[in-house]
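# Per-entry structural report
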Amino acid sequence: MADNPSSRLILASQSAARQALLRRAKVEFEALPANIDERAIEQSSRLADAPAVAALLAREKALHISRANPGAYVIGADQTLALGSQIFAKAEDRAQARAQLKSMCSRTHDLHSAVAVAKGDQILFESISTARMTMRPLSDAQVEAYLDLAGEAVTASVGGYQLEGAGVHLFERIEGDYFTILGLPLLPLLGFLRGLGLAPLP
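What you are looking at is a predicted structure, and each value in this text was computed from that prediction instead of being measured.

### Side note on the UniProt feature "active site" (unreviewed entry) in the protein
As recorded in UniProt, the sites labelled "active site" (unreviewed entry) are Asp78. Looking at where Asp78 falls in the secondary structure, it is placed in strand β3 (residues 73–83). Relative accessible area serves as the criterion here: at 4%, Asp78 is assigned to the buried category. Once residues lying within four places of it in the same chain are set aside, the contact partners of Asp78 are Arg18, Glu38, Ala54, Leu57, Ala58, Lys61, His112, Ser113 and Ala114. Engagement of the side chain of Asp78 in a polar contact is seen with the side chain of Lys61, the distance being 2.8 Å.

This is the structure in structure tokens:
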């Protein structure tokens, strides 16, 4: 990472998928997870719109880290899952993951991924994208088999699945950008980073 603070790029996320996307794109960054109370922020905002919740949390993560790292550009990202009017958070345990998966079987849900870039107290860039995910019919035994296969990963992502892992077996149709599904609207973000000179290609 360059010594010049104005060229320092931070990803305010501990998500392995988001970090891998940036690394594969050859973007130089450091990861500093934003330890904020997402549920408290969501509840106090009184937002009921899933894309707006994702956008709010992406901004809050970026601002939280940028205030402690003046001069750096900070990427915040968040993802929400909406099944009709219901918004899902990450499952706290296997039982909750099981309940979420059963409610999504044979139905289509929306994944909303938001990204924001902050510097100091300012949001300089925002983008949000949506993917529509149709889960195939699954018996109770198939759900249990998936939970066994995925293990602790079912509590690592909203919806209890990772498309880049065992979760791909759950779906019969997907409409949307692969990067959106992994939790980072990568193409618009790279476009913004190129304008700052923070991408490997102009």
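### Here we look at the packing of helix α2 (residues 38–45) against helix α3 (residues 50–68)
One can describe the packing of α2 onto α3 by two numbers: an axis separation of 10 Å at closest approach and a directional angle of 125 degrees. Considered as vectors, α2 and α3 are oriented oblique to each other. As for the relative orientation of α2 and α3, their crossing is right-handed in sense. The segment α2 lies against α3, with Glu38, Arg39, Ile41, Glu42 and Ser45 engaging Val53, Leu56, Leu57, Glu60 and Lys61. Of the residues assigned to the contact of α2 with α3, the class counts are 4 nonpolar, 1 polar and 5 charged.

### Some remarks on the pairing of strand β6 (residues 122–135)
Remember that side chains alternate between the two faces of the sheet whenever the strand is regular. Sheet topology places strand β5 (residues 108–119) next to β6; 12 bridges connect them, and they run antiparallel. Looking across to β6, one finds that His112 is bridged to Thr130. Where β5 folds back onto β6 in an antiparallel hairpin, the turn is made up of 2 residues, including Gly120, whose phi is positive at roughly 65 degrees. Direction of pairing for β6 relative to strand β7 (residues 171–175): antiparallel, over a ladder of 4 bridges. The residue bridging Arg132 from the neighbouring strand is Glu175, located in β7.

### Description of the packing of helix α4 (residues 94–104) against helix α5 (residues 140–150)
For the pair α4 and α5, interaxial distance at closest approach is 11 Å and the crossing angle is 135 degrees. As the angle between them shows, α4 and α5 are arranged oblique. Where α4 crosses over α5, the two elements pack in a sense that is right-handed. Across from Arg94, Ala97, Arg98, Leu101 and Lys102 in α4, the residues of α5 making contact are Asp140, Val143, Glu144, Tyr146, Leu147 and Asp148. For the contact of α4 with α5, a count of residues per class yields 5 nonpolar, no polar and 6 charged.

### Some details on the packing of aromatic side chains
One pass over the full model with this rule turns up 3 aromatic pairs. Taking the centre distance of 4.8 Å and the plane angle of 15 degrees together, the rings of Phe125 and Phe192 count as stacked. Placement of the pair is Phe125 in strand β6 and Phe192 in helix α7 (residues 186–196), with a sequence separation of 67 residues. Both residues of the pair, Phe125 and Phe192, count as buried. Geometrically, the ring pair formed by Tyr161 and Phe171 is edge-to-face, given 4.8 Å between the ring centres and 70 degrees between the ring planes.

About the criteria used
- Starting from 1, residues in each chain are numbered consecutively following that chain's sequence as written.
- Only residues with pLDDT of at least 70 get local features here, since the model is predicted, and only at 80 or more are side-chain atom pairs given and counted; chain-wide, interface and lining totals rely on the full set of residues.
- Computation of side-chain values covers all heavy atoms of the structure but excludes hydrogens and water.
- UniProt positions are given in the numbering used here, feature names are shortened, and annotations may be inferred rather than shown by experiment.
- Numbering of helices and strands starts at the N terminus; helices are DSSP runs of H or I of at least 4 residues and strands are runs of E of at least 2.
- Throughout, exposure labels follow a simple rule: accessible area from a 1.4 Å probe, protein chains only, divided by the maximum for the residue type, with under 20% read as buried, over 50% as exposed, and the rest as partly exposed.
- Here, two residues are considered to be in contact whenever any of their heavy atoms come within 4.5 Å of each other.
- We define a polar contact as two N or O atoms separated by no more than 3.5 Å, with the added condition that, inside protein, one atom must be a possible hydrogen donor and the other a possible acceptor, whereas residues neighbouring each other in sequence contribute only through side-chain atom pairs.
- Only the stretch in contact is used when a helix axis is fitted, and all axes are lines through C-alpha atoms; the angle between N-to-C directions ranges over 0 to 180 degrees.
- When describing relative orientation, an angle under 35 degrees is termed roughly parallel and one over 145 degrees roughly antiparallel, while 65 to 115 degrees is termed roughly perpendicular and anything else oblique.
- Left-handed is the label given to a crossing in which the near helix is rotated counterclockwise from the far helix by less than a right angle, and right-handed is the label when the rotation is clockwise.
- Amino acids are sorted into nonpolar (Ala, Val, Leu, Ile, Met, Phe, Trp, Tyr, Cys and Pro), charged (Asp, Glu, Lys and Arg) and polar (every other residue, Gly among them).
- Two strands qualify as a pair provided DSSP detects at least 2 bridges between them.
- Only Phe, Tyr and Trp rings are paired, with Trp represented by its six-membered ring, and only when their centres lie within 6.5 Å; those with planes under 30 degrees apart are stacked, over 60 edge-to-face, the remainder tilted.

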